[in-house]
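Breakdown of the fold
Spelled out from the first residue to the last, the chains are:
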Amino acid sequence: MRDMHASTDLPTDMTEDTAPFLKGMRHSIRSRRAVSVQPARVSAKSNRVSVRPRPEAAEPVSAVAPYVANYMPDPDLPRWHELPHIQAGTRRTSKTALPVVDAERDSASVRAFDLLRTRLRQTTQEHGWTNIAISAPTSGCGNTFTAVNLALSLSRISGSRTILMDFNLRNPGIAKAFDVTAGSSMQDFLGGYTPISDHMVKISDTLVLGLNNAVDEDASETLQATETAHTLERMRAALQPELVIYDMPAMLTHDDVSAFLPHLDGVLLVSDGTQTMGRELMECERMLKDQVPLLGVVLNRARANSIPRYS
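Scoring rules and cut-offs
Residues numbered from 1 in each chain as written. Predicted model: local features only at pLDDT ≥ 70, side-chain atom pairs only at ≥ 80, totals over all residues. Heavy atoms only, no water. Axes fitted to C-alpha atoms, helices over the stretch in contact; angles between N-to-C directions. Helix = DSSP H or I, 4+ residues; strand = E, 2+ residues; numbered from the N terminus. Parallel < 35°, antiparallel > 145°, perpendicular 65-115°, else oblique. Contact = heavy atoms within 4.5 Å. Nonpolar A, V, L, I, M, F, W, Y, C, P; charged D, E, K, R; others polar. Expected span 1.5 Å × (residues − 1). Buried < 20%, exposed > 50% of the residue type's maximum accessible area, 1.4 Å probe, protein only. Salt bridge = Lys/Arg side-chain N within 4 Å of Asp/Glu carboxyl O. Pairing = 2+ DSSP bridges. Core = buried A, V, L, I, M, F, W, Y, C linked by side-chain atoms within 4.5 Å. Phe/Tyr/Trp six-rings, centres within 6.5 Å; stacked < 30°, edge-to-face > 60°.

1. Some thoughts on the packing of helix α1 (residues 108-127) against helix α2 (residues 143-155)
Remark: α1 packs on α2, axes separated minimally by 9 Å, with the N-to-C direction vectors making an angle of 75°. With respect to each other, α1 and α2 are oriented roughly perpendicular. For the pair formed by α1 and α2, the contact residues are Phe-113, Asp-114, Leu-116, Arg-117, Leu-120 and Arg-121 on the first element and Phe-145, Thr-146, Asn-149, Leu-150, Ser-153 and Leu-154 on the second. The class makeup of the residues in the contact of α1 with α2 is 6 nonpolar, 3 polar and 3 charged.

Put into structure tokens, the structure is as follows:
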């Protein structure tokens, strides 16, 4: 896709025969002008959340503060090593599931994600950033695939702590990618009805997942709610992650990403080389301008003849 070439100054070949929809990948991590974001200050307009009736819980687990500050670790909350550990299923590398390239460590696909991981860590550590969203202009570009494999690549760094959150609330897919069962809905967790110890699970010593087992048609309202800001602050204070990766829906399809921008330090966009238009990327960049830095663009399904090869 010619419109992408100016944004991909870090070319990487990524071919994966076992991934039915992945033909190539190029990406760039670019340091943009940092935007000062207030730490989860919640206005009166955002104090509305659409919540389904809960049959077993009349009150949230914790009270909601009108202003969410930077929390100190709560001694009553679980620490990283105390979270339940689950084993990823074996079906996750099959062609019927979401392609996960982590199993083949010597493939060009893994090397591409490792390079993306390293550039991302360098940028986030330089600026002290933690919360990174993976999104796309339109649906079907491969942002969940990118989020999963980037998280797996990050998790291979010894002593690191990465959290992968399924924030594509209208179409959750992280549990399917790992072939595991989500124990609760993300809406209940963010609303304070499910405690951290019952919702967050460890895949390894370096990777924690926040899964989702239910579609949330009021996703934008959920992401703007005061309860959401409160829950995420307490989660980060308790678990002390290095990075939190949020798998989010397409920017131009719903307002979910726009609603969550105050909580983000940066956004990675995934572009589909077979469908994404240059004007769609420009519109996404316009939406992010003066709010959250656009860290770069990941080109998925790139044409083979457009990818430089290195020996």
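2. Here we look at α1
Look at α1: 29 Å from first C-alpha to last across 20 residues, which is about the 28 Å you get at 1.5 Å a residue. Of the positions making up α1, those classed as buried are Ala-108, Ser-109, Val-110, Ala-112, Phe-113, Asp-114, Leu-116, Arg-117, Leu-120, Arg-121, Thr-123 and Thr-124. Gly-128 lies just past α1 and shows a positive phi near 70°.

3. Comments concerning the pattern of salt bridges
Summed over all chains, the structure comprises 6 salt bridges. Notably, a salt bridge pairs Arg-236 with Glu-233, separated by 3.5 Å at the nearest N-O pair. On the criterion of helical spacing, the pair formed by Arg-236 and Glu-233 is a turn pair, its members being 3 residues apart in helix α7 (residues 226-239). The same class applies to Arg-236 as to Glu-233, namely buried. Between Arg-286 and Glu-283 there is a salt bridge; the shortest N-O distance is 2.6 Å. Here the residue Arg-286 and the residue Glu-283 both occupy positions in helix α9 (residues 278-288), the gap between them amounting to 3 residues, near one helical turn. The exposure class of Glu-283 is partly exposed, given its relative accessible area of 28%. The structure contains a network of salt bridges with shared partners spanning Asp-114, Arg-117 and Arg-156.

4. Side note on the pairing of strand β6 (residues 243-247)
Consecutive side chains of a regular strand alternate in pointing toward one face of the sheet and then the other. Among the 5 residues of β6, 5 are classified as buried, and the element is accordingly described as predominantly covered. Side chains Leu-243, Ile-245 and Asp-247 project from β6 onto one buried face, and the interleaved Val-244 and Tyr-246 project onto a second face that is buried too. Pairing of strand β3 (residues 162-166) with β6, which is carried by 5 bridges, proceeds in the parallel orientation. Residue pairing in the sheet places Asp-166 in a bridge with Asp-247 of β6.

5. Comments concerning the nonpolar core
Within soluble globular proteins, side chains that are nonpolar tend to cluster in buried spots. Ile-163, Met-165, Phe-167, Met-200, Met-235 and Tyr-246 are the most contacted members of the largest nonpolar core, which totals 37 residues. Those residues in contact with Phe-167 that sit more than four places away from it in its chain are Met-186, Leu-190, Leu-223, Leu-232, Tyr-246, Asp-247, Met-248, Pro-249 and Phe-260. Of all hydrophobic cores here, the second largest spans 35 residues; its members include Leu-209, Leu-211, Leu-243 and Val-298.

6. Focus: the packing of aromatic side chains
Throughout the structure, instances matching the rule amount to 4 aromatic pairs. Through a chain of ring-to-ring contacts, the aromatic side chains of Phe-167, Tyr-246 and Phe-260 assemble into a single cluster.

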